[in-house]
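# Examining the three-dimensional arrangement
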Amino acid sequence: MPLHSVSVAGVVVREDGRILAIRRADNGTWEPPGGVLELDEHPEQGVAREVLEETGIRVEVERLTGVYKNMTRGVIALVFRCRPTGGVESTSVESTAVEWLTRQEVEDRMGEVYAVRILDALDVVAVPRVRAHDGRRLLESA
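Here is a short report on the structure shown in this document.

What counts, and where the lines are drawn
- Residues numbered from 1 in each chain as written.
- Predicted model: local features only at pLDDT ≥ 70, side-chain atom pairs only at ≥ 80, totals over all residues.
- Heavy atoms only, no water.
- Phe/Tyr/Trp six-rings, centres within 6.5 Å; stacked < 30°, edge-to-face > 60°.
- Lys NZ or Arg CZ within 6 Å of the ring centre and 35° of its normal.
- Buried < 20%, exposed > 50% of the residue type's maximum accessible area, 1.4 Å probe, protein only.
- Helix = DSSP H or I, 4+ residues; strand = E, 2+ residues; numbered from the N terminus.
- Core = buried A, V, L, I, M, F, W, Y, C linked by side-chain atoms within 4.5 Å.

Moving on to the packing of aromatic side chains. In the structure shown here, the tally under the stated rule is zero aromatic pairs. The ring centre of Trp-30 lies 4.9 Å from the NZ or CZ of Arg-109, which sits over that ring.

Now for helix H3 (residues 112-122). Working note: α-helix, 3.6 residues per turn, so residues spaced by three or four point in the same direction. With eight of eleven residues buried, H3 is to be regarded as a mostly interior element. All of the buried residues in H3 are Val-113, Ala-115, Val-116, Arg-117, Ile-118, Asp-120, Ala-121 and Leu-122.

The subject of this paragraph is the nonpolar core. By size, the foremost hydrophobic cluster in this structure holds 18 residues, and its most contacted members are Val-11, Ile-19, Trp-30, Leu-101, Val-106, Met-110 and Ile-118. The greatest single-element share of this core, amounting to five residues, is contributed by H3. Val-8, Leu-37, Val-47 and Phe-80 belong to the second-largest nonpolar core, a separate cluster that totals 14 residues.

Below is the structure:
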């Protein structure tokens, strides 16, 4: 029986409304920082660790904003809205660029399945979104 993988991502929003994003080293795509949740860590700890590792920015996790399943790869991503608390932007082995983007830059630079995670986190809806995708496009609910 196939297993799922769980990842976490942080939508880090600065006071001026700009959003932290990385350009991935492996494929050059722009995404919110994140990665695989380790077996022994809570989701909030994992997202704070991943954001720090990939961007140099420390965060406070505010709330879960969405759950996204890649139906092709079996990856479930938990996305959290965060606020920066310190650190200095820096790249890592996983990122070739770290930038604070506007909402429009997010829409222009990111593929649909990553941009929607940020747009959902910017939405003030109290209930997290639950969405499925095929790795490139959102899929309609069953």
